[in-house]
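# Observations on the model geometry
Here's the letter readout for the chains.
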Amino acid sequence: MSSALYQSIELLSREKGIEPGIVVGAVEEAIALATRKFYKTQENMRGELNKETGEITAYVFKTVVADDEQVEDPVNQITLEEANALAPGVEVGSEIRMYKDTSPLGRIAAQLAKQVIFQKVREAERDTVFQEYAHREKEVLNATVKRIEGQDVIFDLGKAEARCPKREQSRLESFTVGERVRVVLLKVDRAAKGPQVIVSRAAPELVQNLFQSEVPEIYDNTVVIRAIAREAGERTKIAVMSRDKDVDPVGACVGMKGMRVQSIIRELRGEKIDIIEFSEEITTFAEKALQPAKVSRVSITDLGEKQLEVIVDDTQLSLAIGKKGQNVRLAAKLLGWKIDIKSEEEKRQEVEQQMQAMSGGPTTPIEQVTELGESIIQKLVAAGITTVEGLADMTPEQLEEIPGIGEKTLERISVAVRHYFGHFEEGEDGAPVEESASSEAEEGAAMEEGSAETAGEAESAESASEPELESAAEAGTEDLVAGEGHTATAGQSEEHEHESGSKDEAAE
């Protein structure tokens, strides 16, 4: 029959979840340490517990050597001759015990033994916890809320306590002491104070476990979960596929009238769940992953870097991106690809720019059109119009859609652009052609000073239209008319001059 002391040790072992032998070893080591400290010796000492009687003894053990020449440590070694005197029949290399009296041990020695026992038990408990949970990462466990420490929640797992930090909690959840929930075991930290178990309510594995519990087709592997992307408290996207062509994977997860998925949503405190059918074709999978937005087309831009370009209608762009980019972020996480979303208008402008760059067409900054004014230029730049060529290609209807552009502003833009291109338009001789009346007068004055025209130019001047002559007469530049009509080379006849003069009189 076991002693009362040993029965107490067994009871303690069951409470702490450790082996009784560990506690017995701790007691024996504590007695040996207390005895050695009491006798103030450095000799090797051990303790021994008798399970039947409960008696604890301590003894010094020494190694037997042949003679004095082989003694290297007099404290822990003894010669064969001295050992035979104490215990006849011993051999070289064996150990001889010399028991110490433990009755004189007082309160201080007992306190020391108590501390040693508690320390050993705590170390054994930590090792037990680590061995119990270290290999169970990503496993879903049932836990009870034990207490709340600040923003962290402490759960009772049965054999150990687990901590759930704020970052691993859903923003929709609040806990009360004693509530039973399911948690995901993230990791076990073997810290200085002992192994610390970290659990999560935000891990995707929790959603996977809930679907396995609620959907029999997933439990028996008829329907397989291929990917999960989750933002706890906001939205979860889950991709499923069926191994049986007669089983609809999405319908199996939703259930009759949504009963299956609704029970999971209640467990997650109202978190939204999108169930998507998995596809091996990445472009098709991307279209489904971006639901509820309707995608126009998907193309692979970089296969090595796993980059996709998704084009959507202008009205679907905000829906495809989602609130704060959540929809496209979850879709990218679900696919494992980078997604670049563009509207039809953005893609059209990009193609136009690429074509213009390939054709080598000129591009002039819109700031060079000084007639527009700074306020109009700022409005055009804000609308994405940064070049004069782009402004010229736009229709009046498109310009009126820009905020702050009215009829008067539209007319001003039209005049400014026309003047700009007219100023830089080049004639056959390479000289800029200017449209003002003053430029014509300057041309006539220059010709009058000595710029002689060829015979063909004189004839063309004679056949000048009446509006040109009238404008010249109004300006009072009779010399200009004479220069244009009568300046000729030496080979021209007087008859030609007379005809020109009569034409001028008739014109006047």
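The residue numbering used here restarts from 1 in each chain and proceeds along that chain's sequence as written. The predicted origin of the model limits local features to residues at a pLDDT of at least 70 and limits the giving and counting of side-chain atom pairs to 80 or more, whereas totals for whole chains, interfaces and linings rest on all residues. Values shown for side chains rest on all heavy atoms present in the structure; no hydrogens or waters enter the calculation.

### Some words on the overall build of the protein chain
Assigned secondary structure in the protein chain consists of 21 helices and 15 strands. The buried label applies to any residue whose accessible area, calculated with a 1.4 Å probe on protein chains only, is under 20% of its type's maximum; exposed applies above 50%, and partly exposed to all values in between. Looking at the protein chain as a whole, 36% of its 508 residues qualify as buried. Total accessible area on the protein chain is roughly 31,000 Å²; 48% of this is exposed by carbon and sulfur atoms. What counts as a helix is a DSSP run of H or I of at least four residues, what counts as a strand is a run of E of at least two, and both are numbered from the N terminus. Each accessible area is a Shrake-Rupley estimate made with a 1.4 Å probe; only the visible protein chains count as cover when residues are assessed.

### Here we look at the packing of aromatic side chains
Any pair of aromatic rings gets described here by the distance separating the centres and the angle formed by the planes. Pairing of aromatic rings covers Phe, Tyr and Trp, the last through its six-membered ring, and needs centres within 6.5 Å; plane angles under 30 degrees mean stacked, over 60 mean edge-to-face, and all others mean tilted. Following the criterion strictly, the structure yields three aromatic pairs and no others. Between F155 and F175, the aromatic rings sit 5.8 Å apart at their centres with planes inclined by 85 degrees, giving edge-to-face as the arrangement. Taken together, the residues span a long stretch of sequence, with F155 in strand 6 (residues 152-156) and F175 in the loop between strand 7 (161-164) and strand 8 (180-191) at a distance of 20 residues. We classify F155 as buried; its relative accessible area is 0%. Over the face of the ring belonging to F61 we find R46, whose NZ or CZ atom lies 3.8 Å from the ring centre. Its guanidinium or amino end placed over the ring of Y39, K100 lies 5.2 Å from that ring's centre, counting from NZ or CZ. As a reminder, the over-ring test applies to NZ of lysine and CZ of arginine, requiring each to be within 6 Å of the ring centre and within 35 degrees of the ring normal.

### Quick notes on the packing of helix 5 (residues 204-214) against helix 8 (residues 259-267)
Orientation of helix 5 relative to helix 8, taken along the N-to-C sense of each, is 140 degrees, at an axis distance of 10 Å. Our classification of the angle between helix 5 and helix 8 gives oblique. At the point where helix 5 passes helix 8, the crossing takes the right-handed sense. Contacts between helix 5 and helix 8 involve L210, F211 and E214 on the former and, on the latter, R260, V261, S263, I264 and E267. Fitted lines through C-alpha atoms serve as axes, helices being fitted only where they are in contact, and the angles separating the N-to-C directions of these axes extend from 0 to 180 degrees. For classification, angles of less than 35 degrees are called roughly parallel, those exceeding 145 degrees roughly antiparallel, those between 65 and 115 degrees roughly perpendicular, and all remaining angles oblique. Left-handed describes a crossing in which the near helix is turned anticlockwise from the far one by less than a right angle; the clockwise case is right-handed. Contacts between residues were defined by any pair of non-hydrogen atoms, one from each residue, lying within 4.5 Å.

### Looking at unusual backbone geometry
Q291 connects to P292 through a cis peptide bond whose omega is 10 degrees. Relative to the assigned elements, P292 resides in the loop between helix 9 (282-289) and strand 13 (295-302). For K257, which is not glycine, the phi torsion reads 55 degrees and is therefore positive. With respect to the helices and strands, the residue K257 is situated in the loop between helix 7 (249-254) and helix 8. The class for K257 is exposed, based on a relative accessible area of 82%.

### A look at a negative patch on the surface
Patches here: salt-bridge-free residues with over 30% relative accessible area, like charges joined within 9 Å, nonpolar side chains (Val, Leu, Ile, Met, Phe, Trp, Tyr) joined within 5 Å. The rule for a salt bridge is simple: a side-chain nitrogen of Lys or Arg has to be within 4 Å of a carboxyl oxygen of Asp or Glu. Just so you know, the count uses Lys and Arg for positive and Asp and Glu for negative, and it drops His and the chain ends. We put the charge of a Lys on NZ, of an Arg on CZ, of an Asp on CG and of a Glu on CD. A cluster of acidic side chains, namely D67, D68, E69, E81 and E82, defines a negative patch on the protein surface. Relative to the elements of secondary structure, D68 occurs in the loop between strand 2 (56-65) and strand 3 (77-79).

### Here's the deal with the environment of E287
Within the element layout of this structure, E287 appears in helix 9. Among the residues examined, E287 registers a relative accessible area of 34% and is labelled partly exposed. Separated by 11 residues in the primary sequence, E287 and V298 place their C-alpha atoms 7.3 Å from one another.

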